[in-house]
Amino acid sequence: MKVRLGYVAMSSMLQDCSPSKTVTASNLVKIDSQEARYSRLLSLARENLHNTMRLFLHNQAHDVKVFRLTSKLIPLATHPLAEDWNWYDQLQEQLASLGEYARKNGFRLSAHPDHYTLLNSPRDEVIAASLRDLEYHHQIFQAMKMDSSAKLVIHVGGSYKNKKESVQRFKENFALMPADIRSQIVLENDDKIFTVADVLDLCYQMNIPMVLDIHHHWCNNQGDNISDYFADIISTWKQEPFPPKVHVSSPRNKKNIRAHADYVDVEFFMSFINQIRDYNTDIDIMIEAKQKDGALFQLMNDLKKVRSIKILDEASILVG
DNA sequence: ACCTGTCAAGTCTGG
DNA sequence: CCAGACTTGACAGGT
């Protein structure tokens, strides 16, 4: 089975290459004319897209095919201050060339709308804001001309003191989402509320692929053994062009187990690989570590010493 | 050049 | 009922 490694949003190796530059709302309102505000936002966005292309070139040069785009590509895109800013038309060309490069090189791209995107909130305004945020992410991929294999990874949401009702609300609100957005959404187990078992159940009912986060499972598992779920998690991806996706990170330390460590521990990584190798399925692993691509390449280097695997290129391995 | 408090957004906890 | 934590990179304003 082939295992490809990827990383999140930004490089710790490239200097001055942030794809997430922004301006604060309070600073933007200091600019008097609407036109000048939008032009400030536009130039930041262009810089972010330019740096994203640099990241793509860097990734391609080092065989990294799995990558998550930052949610901050277009500054304040869903903020009321930018409501009438037509970023889509202005950036369409630049986004299209990113998409073209990504497809040409077989990149697997995703995005991870942040924790404010909650499809199971009981509050209408939260649902509306969440839909806006999902539409924003969807538009980015649309401008890049990517299909629904470019996924939006989200969590189920809050517990609102009643998990059962909260899951029910997720199902109802998810069903109300536009179909093109629905087909892009995948669900991930979280580190506090919805376990692998919870999310897997929901994914089966709603026909949604499931991203397994091994670190979150470690924090939130109700005593479940993860290997009992591998077969079912894998099969949620069977209709998809890409193999199952797994998030891997090491806990920062004993005191702060939910935070991500700088690097991924090779023993920790291999203990997961050794559990899943019997299932003989290709997988893509998103390395979630503070050192980003630095952590990915460090892990690849550490893996050279592991005899039971074969190094295929700078960012993928073969597990026998 | 470097440091620190703050940031658009929601939920949950603890006082 | 309200303030603060949660998590994160980057800004903004200070030294």
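A short tour of the structure in this document, coming up. The structure presented is a predicted model; accordingly, all values stated were derived computationally and were not measured.

1. Side note on the protein's contact with DNA strand C
Taken together, 13 residues are adjacent to DNA strand C, and Ser18, Thr22, Asn27, Lys30 and Arg258 come closest. Per the 4 Å cut-off to the protein, sugar and phosphate atoms form 100% of the nearby atoms of DNA strand C. The class makeup of the residues in the surface near DNA strand C is two nonpolar, six polar and five charged.

2. Structural notes on the side chain of Ser149
Along the polypeptide, Ser149 turns up in the loop between helix H4 (124-143) and strand E4 (151-154). Within the structure, the side chain of Ser149 is placed 2.5 Å from the side chain of Asp147, a separation counted as a polar contact. Filtering out sequence-adjacent residues up to four positions away, Ser149 remains in contact with Leu109, Pro241 and Phe242.

3. Describing the side chain of Asn48
Its location among the elements puts Asn48 in helix H2 (residues 34-61). When residues no more than four places from it in sequence are discounted, the contact partners of Asn48 are Ser18, Pro19, Ser20, Lys21, Lys72, Leu73 and Pro75.

4. Points about unusual backbone geometry
In most cases, non-glycine residues show a negative phi, while peptide bonds are predominantly trans. Positive phi is not limited to glycine here, since Leu76 has a value of about 55°. Note that Leu76 resides in the loop between strand E2 (66-69) and helix H3 (87-104). Despite not being glycine, Asn207 shows a phi value in the positive range, around 60°. In this fold, Asn207 is placed in the loop between helix H7 (196-206) and strand E6 (210-213). Using a relative accessible area of 62% as the deciding quantity, one classes Asn207 as exposed.

5. Focus: the protein's contact with DNA strand B
Neighbouring residues of DNA strand B: 14 residues in total, closest Ala25, Ser121, Arg123, Ser159 and Tyr160. Of everything in DNA strand B that lies within 4 Å of the protein, sugar and phosphate atoms constitute 53%. Side-chain polar atom of Ser121 to a phosphate oxygen of DNA strand B: 2.9 Å apart, as the coordinates give it. Contact distances for DNA strand B include 2.6 Å between a phosphate oxygen and a backbone N or O atom of Ser159. Residues of the surface near DNA strand B, tallied by class, amount to five nonpolar, seven polar and two charged.

6. Considerations on the pairing of E6
Burial along E6 is two-sided: the residues Met210 and Leu212 and Val211 and Asp213 are all buried. Pairing of strand E5 (residues 185-188) with E6, which is carried by two bridges, proceeds in the parallel orientation. Counterpart to Leu187 in the pairing with E6 is Met210. Tracing the backbone out of E5, into H7 and back to the parallel element E6 gives a crossover that is right-handed. Pairing between E6 and strand E7 (residues 245-248): two bridges, direction parallel. If you follow Leu212 over to E7, its bridge partner there is Val246.

Calculation criteria
- Residues numbered from 1 in each chain as written.
- Chains lettered and ligands numbered in written order.
- Predicted model: local features only at pLDDT ≥ 70, side-chain atom pairs only at ≥ 80, totals over all residues.
- Heavy atoms only, no water.
- Near = heavy atom within 4 Å.
- Nonpolar A, V, L, I, M, F, W, Y, C, P; charged D, E, K, R; others polar.
- Helix = DSSP H or I, 4+ residues; strand = E, 2+ residues; numbered from the N terminus.
- Polar contact = N/O pair within 3.5 Å; in protein donor to acceptor, adjacent residues only side chain to side chain.
- Contact = heavy atoms within 4.5 Å.
- Buried < 20%, exposed > 50% of the residue type's maximum accessible area, 1.4 Å probe, protein only.
- Pairing = 2+ DSSP bridges.
- Right-handed = clockwise from strand over helix to strand, strands pointing away.

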